[in-house]
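Letter by letter, the chains look like this.
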Amino acid sequence: MYKDGRRPPGLYKLLTQYPLEALIAYSLVGFFKLLSVDWASNLGATLGRRIGPKIGVTRRARHNLARAMPELDEATREQIILDMWDNLGRTIAEYPHLGRIWRERDKRIEAIGFENYKLASQDDQPSIFVSGHLANWEISQCGSKTFGQELGLIYRRTNNPLVNSLLLWLRKPASSTFFHKGPEGAKRSVRHLKNGGHLGLLVDQKLNEGVPVPFFGIPAMTAPAFASLALKFNCKLIMARTERLDGCRFRITITAPIELPNTGDRDADTLAILTAVNATLENWIRERPAQWLWLHKRWPEEDPQ
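Quick caveat: nothing in here was measured; it's all calculated off a predicted structure.

About the criteria used
Residues numbered from 1 in each chain as written. Predicted model: local features only at pLDDT ≥ 70, side-chain atom pairs only at ≥ 80, totals over all residues. Heavy atoms only, no water. Helix = DSSP H or I, 4+ residues; strand = E, 2+ residues; numbered from the N terminus. Buried < 20%, exposed > 50% of the residue type's maximum accessible area, 1.4 Å probe, protein only. Phe/Tyr/Trp six-rings, centres within 6.5 Å; stacked < 30°, edge-to-face > 60°. Pairing = 2+ DSSP bridges. Axes fitted to C-alpha atoms, helices over the stretch in contact; angles between N-to-C directions. Parallel < 35°, antiparallel > 145°, perpendicular 65-115°, else oblique. Left-handed = near helix turned anticlockwise from the far one by under 90°. Contact = heavy atoms within 4.5 Å. Nonpolar A, V, L, I, M, F, W, Y, C, P; charged D, E, K, R; others polar.

1. Observations concerning unusual backbone geometry
Here's step 1: Residues other than glycine seldom take positive phi values, yet phenylalanine 216 does so here, at roughly 60°.
Here's step 2: Tracing the chain through its elements places phenylalanine 216 in the loop between β6 (211-215) and β7 (218-222).

Written out as structure tokens, the structure is:
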């Protein structure tokens, strides 16, 4: 058993499954990297629209969308699901081009509120940037590094170490500092904040543990760590939004720091932050529902009574 609770893989995975998965992943990355940015993005969209809706996990997306936005008719929801796969296909195909997208930012990036990156760097106070799986969610993190504010990124490690190394390499335009989810990664990220560093994380995924916080009117288990750390270390807490405008063009909005509550009740203050962040993410998703990743198991199967 590893320190993070994972079981060591068997010989079949080590000798057959993992190398085969890695061969496919590296081949796809190499292929998309050979294409221009726009060709890669457009091809990814085509593949996403043709293949994605046929994958079984699409049933979860339909279920989530019906629960979260029941006011939409079935035809509208199906169009959102199709466009979601378009966006996801583009996002995957754009991974080998993250650095190039920012080098071409004059024609690809509409930046709003980027002065808040500078604000977060003006003193030794640490900061935490939070966002969700919106449009191409890696783009805003790359923008942080481009503008001199490299974030330590918290990520979920894949079971396949060969594929995991590839993903970290692809994300180098965003950061060279990564903390995987788990006890050891949590300790390292806390030390990073103590030393005046800055963190970036996505906070819209399901947890088996956490705090139930409304999200689309349904209690969703939400990780309290970022809110607790912001209060403990008096961090600047900033939200980042990425929108896909068309093709491989984006609008990135960096909000002003959230005013942290200070009532003396740490649990109540944490809940207030989580509620505000979830509400903001929900508003962003409602505005562009096709650009959120509806594939996550974000809510419990049944609402708690």
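From this point, the discussion proceeds with the structure in view.
2. Digging into helix α8 (residues 138-146)
Helical geometry: 3.6 residues make up each α-helical turn, so side chains three or four residues apart lie on a common side.
Here's step 1: Counting buried residues along α8, seven of its nine residues qualify, which places the element largely inside the surrounding structure.
Here's step 2: Looking only at α8, the buried set comprises Glu138, Ile139, Ser140, Gln141, Cys142, Gly143 and Ser144.

3. As for the packing of aromatic side chains
Here's step 1: Per the stated rule, a full pass over the model turns up ten aromatic pairs.
Here's step 2: On the basis of an interplanar angle of 75° and a centroid distance of 5.8 Å, the ring pair of phenylalanine 215 and tryptophan 292 is categorised as edge-to-face. Of this pair, phenylalanine 215 sits in strand β6 while tryptophan 292 sits in the segment after α12 (266-287), and the two are 77 residues apart along the sequence. Per residue, the accessibility class of phenylalanine 215 equals that of tryptophan 292, and both read buried.

4. What to know about the sheet that holds strand β8 (residues 236-246)
Adjacent strands of a sheet pair through backbone hydrogen bonds, lying either parallel or antiparallel.
Here's step 1: Judged by pairing direction, the sheet is mixed, and its seven strands sit side by side in the order β1-β9-β8-β2-β5-β3-β4 without closing on themselves. Lying at the two open borders of the sheet, with one neighbouring strand each, are β1 (109-112) and β4 (178-180). Ignoring strand direction, the axes of neighbouring strands in this sheet form an average angle of 20°.
Here's step 2: In terms of strand pairing, β1 meets strand β9 (residues 249-254) through four bridges, oriented parallel.

5. What to know about the packing of helix α2 (residues 37-51) against helix α4 (residues 74-94)
Here's step 1: Two elements in contact, α2 and α4, have axes whose closest approach is 7 Å; the angle formed by their N-to-C orientations is 140°. In terms of axis orientation, α2 runs oblique to α4. The two elements α2 and α4 cross, and the hand of that crossing is right-handed. Residues Ala40, Ser41, Asn42, Gly44, Ala45, Gly48 and Arg49 of α2 form the contact with α4, whose own contacting residues are Gln79, Leu82, Asp83, Trp85, Asp86, Gly89, Arg90, Ala93 and Glu94.
Here's step 2: When its residues are assigned to classes, the contact of α2 with α4 shows five nonpolar, six polar and five charged.

6. A short note on the environment of alanine 290
Here's step 1: With respect to the helices, strands and loops of the structure, alanine 290 is situated in the segment after α12.
Here's step 2: Remark: the alpha-carbon pair of alanine 290 and threonine 275, spanning 15 residues in sequence, is separated by 23 Å.
Here's step 3: Apart from residues no more than four positions distant in its own chain, alanine 290 is found in contact with Ile80, Asp83, Met84 and Asn87.

All quantities given are derived from atomic positions and should not be read as evidence of function.
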